[in-house]
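Architecture at a glance
In case you want the letters, here they are:
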Number of protein chains: 2
Amino acid sequence: MSAELLIAHAKQLVTLAGPARPRTGEEMRTLGIIEDGAALVRDVEIIASGPTSEIEPMADARALRIDARNKVVMPGFVDAHTHPVFTGTREDEYEMRSAGLTYQEIAQRGGGILSTVRKTRRATEEELFEMALPRVRWMLEHGTTTIEAKSGYGLTVEDELKILRVIRRLDRETPLELVPTFLGAHEIPDEYRGSPRSIGSREDYIKLVIEEMLPRVASERLAEYADIFCESHVFTVEEARSVLERAKSLGLGIRFHADQLSCGGGAHLAAELEASTADHLEWTDEEGIESLRRAAVMPVLLPGAVFNLGLTRYAPARAMIEAGLAVVLATDFNPGSSPTPSMQMILSIACAQMRMTPAEAVTAATINAAYSLNRGARLGSLEAGKQADIVIFDAADYRQIPYLFGINHASVVIKSGRIVVDRRAGPHSVTESQIQ
Amino acid sequence: MSAELLIAHAKQLVTLAGPARPRTGEEMRTLGIIEDGAALVRDVEIIASGPTSEIEPMADARALRIDARNKVVMPGFVDAHTHPVFTGTREDEYEMRSAGLTYQEIAQRGGGILSTVRKTRRATEEELFEMALPRVRWMLEHGTTTIEAKSGYGLTVEDELKILRVIRRLDRETPLELVPTFLGAHEIPDEYRGSPRSIGSREDYIKLVIEEMLPRVASERLAEYADIFCESHVFTVEEARSVLERAKSLGLGIRFHADQLSCGGGAHLAAELEASTADHLEWTDEEGIESLRRAAVMPVLLPGAVFNLGLTRYAPARAMIEAGLAVVLATDFNPGSSPTPSMQMILSIACAQMRMTPAEAVTAATINAAYSLNRGARLGSLEAGKQADIVIFDAADYRQIPYLFGINHASVVIKSGRIVVDRRAGPHSVTESQIQ
């Protein structure tokens, strides 16, 4: 017998119903909101959504019912750019930045990505899995039901595969859905940097990525996408092209870090390779935007990193939306530049600092993000036939989610038709008598 | 029989122990952290804090015990600048700002503070109390145990008194401690703005504040402090001086909005009047800082408003700390410019964007904030004799509280010795069987 779940009387059922493709321009401001709305779920799927008066009579008498009066109901957030598998937090570097050091200076002093790599290499698969679990819980608790997850803190064949296996295990053993991306070209590891103890040159490392890592990742089906950190002090455009072309020839999709700290031609390369996404793009100029538009590359904007690094130059979101790009927002969750697991926080930064409207930000964080991960047909909206990934927010208007910032509005989180987080009871407060 | 509570084995007991005065310079970076620390509480008071090995033997056998292993224990946040009593949220204006309108332009179109005033006047005392309750809950849940709370959305004698009575009732009937501030000079209300339906001029309104409101507030003991919005488009320095001098003569303390949107001499006026605090100060220059230093005025910095209004000019926190000012951080919680109830969020903005160190931010949000409210002898540190306002954070290092941003790290909140929030059980997740 199949299980039914009816969510009824939502103040706003934010359906994101619309064309079956990424949303651009005015479409990004069209959320398909139904007042007093309802969604009917059977097993893992939404079988109907619309006004409560129409949907409620369709429900089985034994359906589990959730009254969403005075609540906003939306699709679960899809976080299209995260680095969730690593060892060790980096609050020491956070403190160093407040003392005036830049992200690049900290990297030059042995901090940054490579400090996480050194620790992550020493951890077992089991340890990495255990450490990632609270991060998965944070994401779910804040309304994220699907994430893209990158490797990139291993930088040896075995350590990269280890991280990708942890990502696969998190996908199978937790309610969160993870889309794996191979990021072996996240940085040049210590042992390929020309020190006396080097085992090779930077060219040797790139060769390792192309000739050993990528084929292993592809043959073991451990990733759907390949990524590279294309930036002047990391990998050049030429290096990125050779890595990504190889990835493409092996059947992997392409999404990569471009133009984060300087305008280095990353956007153009993304267009040339017809990448699914180009990520960051803080320094992308008008020509870059035009290249992305022509090739229909989706920009994944990561304002959490800009905010947290103490910078003020955000990606030109308004120019991108006006140019007709299907903008995506993501957390960039990682222990260095952007340690937030909350898409709600990202919406707040996007609206306050990038001048995205709340509606554009919601579109960028749900349906567009789903399309950027090739899952737009299954995720990202509350329409019949879609997977039942649904969040009930303790808010009377969807705009309050970014507006009342720094707090978690998610009350109930449903993944594939199953309630996986339920905060309706609130925190437990004991009475005075209990401590006497 | 007296009740005892023992919090033991804290990874970091952040005591803020130190001189019995506001902390400046290097003192702001000295948190008095005890590893494997404990605090013993009897009734409403901390009777001892120190290493667990010393404190634990002092506890009564029947004491309630909380194991704080792997947790950070700190004094409750003191939020020294909030506007928590009002009707109606303003997400519509939030959306307008993302469409490019400035805060001032929205005010000129009938939005801003006066739109909240119009709605708040129509509400009863009971309604305002009920609407403020979830805000109080948010604050407590995020680790704030004391707030300063302003009137200022009434702007008639009766409506201002109504708000101050709500503040008094919140103080008496919820676990949160509220310090009331009279802000009758928050804006010039509609009926004194020279329209055909005006009942008076702006001078008449200022006269009303000085001759009727202030004496009523003082005689009914409804406020400890008086405030005014001193800013070119609101109240001039001369108007502020006359209002604040009257307040002072009536025995009220002085803390006021200065130099938020332009450098208008607010800091100098604060020094001249020997105000307890000058708040905002985004545009204060070196001379202003020097005036504040000489008069020992404490700057209350409100980076939430800067962030949320999409601005990038924060108050010069580093210059203030280097000049020896006892900096305070606060949320500025209000429905327009800064709708966040979370001091943790404010710490994150202060560290990332203002380059305060995590230690300076913690000092600014606890002991210094307590001194700014004349409560430094009772609140703001975990020392014997202090009131037991204590927060247990789900973090292994206090720096993680601002670093892992956009989420709530507070796990247990204790006010006056009583557990008022307990999130240790986490959100309740139902099992699959419950929806079948």
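Structure first, text after, so check above.
Criteria and thresholds
Per chain, the residues get numbers from 1 upward, laid out in the order the sequence is written. Chain labels run from A onward and ligand labels from 1 onward, assigned in the order the entries are written. For a predicted model such as this one, the threshold for reporting local features is a pLDDT of at least 70, and the threshold for listing and counting side-chain atom pairs is 80 or more; totals across whole chains, interfaces and linings nevertheless cover every residue. The basis for every side-chain value is the complete set of heavy atoms in the structure, and neither hydrogens nor water enter the calculation. Throughout, exposure labels follow a simple rule: accessible area from a 1.4 Å probe, protein chains only, divided by the maximum for the residue type, with under 20% read as buried, over 50% as exposed, and the rest as partly exposed. Only DSSP runs of H or I reaching four residues or more are called helices, and only runs of E reaching two or more are called strands; each is numbered from the N terminus. Paired strands are those between which DSSP finds at least two bridges. Residues scored as charged are limited to Lys and Arg (positive) and Asp and Glu (negative), so that His and the chain ends carry no count. When a carboxyl oxygen of Asp or Glu lies within 4 Å of a side-chain nitrogen of Lys or Arg, that pair is called a salt bridge. Throughout, a residue-residue contact means that at least one pair of heavy atoms, one from each residue, lies within 4.5 Å. Buried area: the sum, over both parts, of the accessible surface (1.4 Å probe) that disappears when the two are put together. For the purposes of these results, a polar contact is taken to be a pair of N or O atoms within 3.5 Å, where, inside protein, one atom must be able to donate a hydrogen and its partner to accept one; residues adjacent in sequence count only when each atom of the pair is a side-chain atom. Just so you know the grouping, Ala, Val, Leu, Ile, Met, Phe, Trp, Tyr, Cys and Pro go in nonpolar, Asp, Glu, Lys and Arg go in charged, and all remaining residues, Gly too, go in polar. Under this scheme, a helix contributes an axis fitted over its contacting stretch, all axes are lines through C-alpha atoms, and angles between N-to-C directions fall in the 0 to 180 degree range. The handedness of a crossover follows from its direction of travel: if, with the strands pointing away from the viewer, the path from the first strand over the helix to the second runs clockwise, the crossover is right-handed. Note that the term roughly parallel is reserved for angles under 35 degrees, roughly antiparallel for angles over 145, roughly perpendicular for angles of 65 to 115, and oblique for everything else.

**A closer look at the pairing of strand β15 (residues 410-415) of chain B**
Residue and element names in this part refer to chain B. Among the six residues in β15, six count as buried, and that is most of the element. When strand β14 (residues 390-393) meets β15, the two strands line up antiparallel, connected through four bridges. Bridge pairing links I392 to V412 in β15. Note: β15 against strand β16 (residues 418-422), four bridges, orientation antiparallel. Along β16, the bridge assignment pairs I414 with I419. Connecting the antiparallel pair β15 and β16 is a turn made up of two residues, with S416 showing a positive phi of about 50 degrees.

**Some remarks on the side chain of R135 of chain B**
Residue and element names in this part refer to chain B. Relative to the helices and strands, R135 resides in helix α5 (residues 125-141). Put simply, R135 is tucked away with no salt bridge, and the nearest opposite charge, on E91, sits 9.8 Å away. Ignoring anything within four residues of it in the chain, the contact list for R135 reads P84, V85, F86 and F333.

**Comments concerning the interface of chain A and chain B**
The partner chain B presents 66 residues to the 66 residues of chain A that form the contact. A combined buried area of about 5800 Å² lies between chain A and chain B, and 62% of that area is made up of carbon and sulfur atoms. Taken together, the connections running from chain A to chain B amount to two salt bridges. In this structure, the salt-bridge partner of E95 of chain A is R399 of chain B, at a minimum N-O distance of 2.6 Å. Seen at the junction of chain A and chain B, the total is 24 residue pairs in polar contact (both at pLDDT 80 or more). When contributions to the side of chain A that touches chain B are tallied by element, the ones reaching two or more residues are α2 (91-98), α5 (125-141), α11 (303-308), α13 (343-354), α16 (400-403) and β16 (418-422) of chain A. Counting residues per element, the side of chain A that touches chain B draws most heavily on α13 of chain A, at seven residues. When its residues are assigned to classes, the side of chain A that touches chain B shows 31 nonpolar, 20 polar and 15 charged.

**Let's talk about α13 of chain A**
Residues and elements named next belong to chain A. In terms of burial, α13 is a largely internal element, 12 of the 12 residues being buried. Here α13 has its buried residues at M343, Q344, M345, I346, L347, S348, I349, A350, C351, A352, Q353 and M354. For α13, the capping residue at the N-terminal end is S342, with a side-chain oxygen 3.2 Å from the backbone nitrogen of Q344.

**Some words on the sheet that holds strand β6 (residues 77-79) of chain A**
All names here are of chain A. Strand order in the open sheet formed by eight strands is β6-β7-β8-β9-β10-β11-β12-β13, with parallel pairing between adjacent strands. Only two strands of the sheet have a single partner each, and these edge strands are β6 and β13 (328-329). Note that strand β12 (residues 298-301) and β13 share two bridges and pair parallel. Counted as the bridge partner of L301 is L329 from β13. Contacting β7 (144-150) and β8 (177-185), helix α6 (residues 157-173) runs over the sheet at an angle of about 170 degrees to β8. Across the sheet, helix α8 (residues 237-249) is in contact with β9 (225-230) and β10 (253-258); its angle to β9 comes to roughly 175 degrees.

**Considering the pairing of strand β11 (residues 277-280) of chain B**
All names here are of chain B. In this sheet, β11 lies alongside strand β10 (residues 253-258) in parallel orientation, the contact comprising four bridges. By the bridge assignment for β11, A258 is matched with H280. For the segment spanning β10, helix α9 (residues 266-272) and β11, crossover handedness is right-handed. Where β11 lies against strand β12 (residues 298-301), three bridges are found, and the strand directions are parallel. Across the sheet, the residue bridging to D279 is V300, located in β12.

**Focus on the packing of helix α7 (residues 202-219) of chain A against α8 of chain A**
All names here are of chain A. Taken N-terminus to C-terminus, the directions of α7 and α8 make an angle of 10 degrees; their axes are 10 Å apart at the nearest point. Judged by the angle between their axes, α7 and α8 are roughly parallel. Residues R202, I206, V209, I210, L214 and P215 of α7 form the contact with α8, whose participating residues are E239, S242, V243, R246 and A247. Its residues assigned to classes, the contact of α7 with α8 comprises seven nonpolar, one polar and three charged.

**What to know about the pattern of salt bridges**
Residues and elements named next belong to chain B. According to the stated counting rule, one finds 70 salt bridges over all chains in the structure shown. With its nearest N and O atoms 3.0 Å apart, the salt bridge here joins R69 to D67. What makes R69 partly exposed here is its relative accessible area of 48%. Relative accessible area serves as the criterion here: at 43%, D67 is assigned to the partly exposed category.

**Focus: the environment of A317 of chain B**
Residue and element names in this part refer to chain B. For A317, the position within the fold is in helix α12 (residues 317-322). A residue is classified by how much of its surface remains accessible, and A317, at 2% relative accessible area, is buried. Those residues in contact with A317 that lie beyond four places of it in its chain are L301, M354 and M356.

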